[in-house]
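# Coordinate inspection notes
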Amino acid sequence: MKRMGELSVQALPVVKMHPSNQLYEPQNFLAAGDLVDALVAKVDASPYFDVQGADQSRRCAALARLGREFAQSRLETIPSRFDGTVIFENQCDKNLAQTINDCFLISPKAKPGDGELLQAVHRFAVQTTDTNKITEIVCQSDLVMYLHTNRSLIYPEFMGASLADLGLGRSALSRRVEGGGVTEANVSDQKPVSTYGIVSVTPSTSCIDAFRVMRNNSVSAVAIVSEKDGKLLGAFSETDISYFADPDFAMALGLSVSQFLFLRRNALPKITHGVFAGADAFDAALQNPLYDAWRVYCKLEDKLEDVLELMSTGAVHRIWVVDDDRKPIGCVSLVDILALFQHWESPEQRELGSKKKKEEELTPQFEKTTESELKERVVATAPAGQADEQMQE
């Protein structure tokens, strides 16, 4: 966990050393999500941690004890999602489309928002053919930022199109879970169904409960939304687990996500007037426009090239799509963009494929995303201390 934080990465390769300690065999990747799954499972199985009860101080004390135990866990005891592939150096002559398909397991037939994108991996390693030494690790973000850096070489019809016209915003971030009365305690009992939505939590949700929401919904991040009006206030993701690497700091898992955001940035909350009754200082401070830089979002009418710029400057792997009231209605993730690039055809390719059809007669490649369509999807919230939140996607 500490190493991930130091390198600002989401995963590290796990290798098996030979007796000589000079050579190794790559085994798999250990990702932040694997650590989140293992930590939440340990907390849920603990006899001295009450998931639903106890005040914050008791929860923090129990989490500190669990954190010290978890820090001593051997890697071989932590289940892996195997979120990565491996190729040899002599296979690096693949073009971009082949790399997306073969290494990230994103089919050319997949469209943004398709459920099959949940099977895509986030990274691949390149190893030597003779010694199996890992020489490079390439992530989805590397390819997306490559597209962004070289946007002048890509068709303007692609980079200059809006998210709506490209069919983006229909996030394929998670398996679908059945809604209606779903709670943090029982959401794991729900079965996947074909419904959509944004998985979110309120500022008062504890960090450990937010991680539990991610695990139970199979998402890598949740939006933090205002309990008062549903506006986007920030985000909390699996990679934030690296901030809890110090065993003694595990007690901070009992803090609210709003407290964590300020702690992570070493910032003091500054409260504005007009906050709703019942919000604590940290929840209230998040309403302050002073912290707008902490919220990375876009709108359906924004151009893809501008969204990539936001993802680059914000160093994020997903960007929330909001309406005019800044309420999250959708999400664009890295895998959606790679699937889009994989599926997109240039005007020349489309005209060639359509044979004698005139360009103006060509049907759109993607079903346009509309704000009304996204708003029909229930935006799920998970307020701390309550058991009536819905968590749908």
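The structure displayed is predicted, hence computed values, not measured ones. Along every chain, residues carry numbers that run from 1 in the direction the sequence is written. Local features are withheld for residues below a pLDDT of 70 in this predicted model, meaning they are given only at 70 or higher, and side-chain atom pairs are given and counted only at 80 or more; totals for whole chains, interfaces and linings count all residues. In computing side-chain values, all of the structure's heavy atoms are included and hydrogens and water are not.

Considering the arrangement of structural elements, one finds Ser200 in strand β6 (residues 197-201). Considering only alpha carbons, one finds Ser200 and Met214, 14 residues apart in sequence, at a separation of 9.1 Å. Helix and strand assignments follow DSSP, with helices taken as H or I runs no shorter than four residues and strands as E runs no shorter than two, numbered in order from the N terminus.

With that settled, the discussion passes to the packing of helix α5 (residues 140-149) against helix α12 (residues 334-343). Here an angle of 0 to 180 degrees is reported between the N-to-C directions of two axes, which are lines fitted to C-alpha atoms, with helices fitted over the stretch in contact. Between α5 and α12, the least distance of the axes is 10 Å, while the angle of their chain directions is 55 degrees. Here α12 runs oblique to α5, going by the angle between their axes. Pair α5 / α12 crosses with left-handed handedness. Between α5 and α12, the contacting residues are Gln140, Ser141, Leu143, Val144 and Leu147 on the first element and Leu334, Val335, Ile337, Leu338 and Phe341 on the second. As a working rule, the residues Ala, Val, Leu, Ile, Met, Phe, Trp, Tyr, Cys and Pro are called nonpolar, Asp, Glu, Lys and Arg charged, and the rest polar, with Gly in that last group. Its residues assigned to classes, the contact of α5 with α12 shows eight nonpolar, two polar and no charged. By the definition adopted for this analysis, an angle is roughly parallel if under 35 degrees, roughly antiparallel if over 145, roughly perpendicular if from 65 to 115, and oblique otherwise. Should the near helix be turned anticlockwise from the far one by less than a right angle, the crossing is termed left-handed; should it be turned clockwise, right-handed. Should any heavy atoms of two residues lie within 4.5 Å, those residues are counted as being in contact.

On to the nonpolar core. Among buried residues, those of type Ala, Val, Leu, Ile, Met, Phe, Trp, Tyr and Cys that are joined through side-chain atoms within 4.5 Å constitute a nonpolar core. To sort residues, take the accessible area from a 1.4 Å probe on protein chains only and compare it with the maximum for the residue type: under 20% means buried, over 50% means exposed, and anything in between is partly exposed. Counting residues in each nonpolar core, the largest one holds 42 residues, and the members touching the most others are Ile106, Leu163 and Leu304. Every element with two or more residues in this core is listed here: β4 (123-127), α5, α6 (156-159), α7 (163-166), α11 (304-314), β10 (318-322), β11 (328-333) and α12. Considering each element in turn, this core owes the most residues, six residues, to α12. Those residues in contact with Leu304 that sit more than four places away from it in its chain are Phe158, Met159, Ala161, Leu163, Leu166, Leu168 and Leu340. Counting 39 residues, the second largest nonpolar core, distinct from the first, contains Val36, Ala38, Ala250 and Ala285.

The salt bridge definition used is simple: a Lys or Arg side-chain nitrogen within 4 Å of an Asp or Glu carboxyl oxygen. Here the structure, examined in full by the defined rule, presents 16 salt bridges. A salt bridge links Arg264 to Asp240, with the nearest nitrogen and oxygen atoms 2.5 Å apart. In this pair, Arg264 is assigned in helix α9 (residues 257-264) and Asp240 in the loop between β8 (232-237) and α9, connecting sequence segments 24 residues apart. Given a relative accessible area of 24%, Arg264 falls into the partly exposed group. Since its relative accessible area comes to 3%, Asp240 is described here as buried. Residue Asp292 is joined to Arg326 by a salt bridge in which the shortest nitrogen-to-oxygen separation is 3.9 Å.

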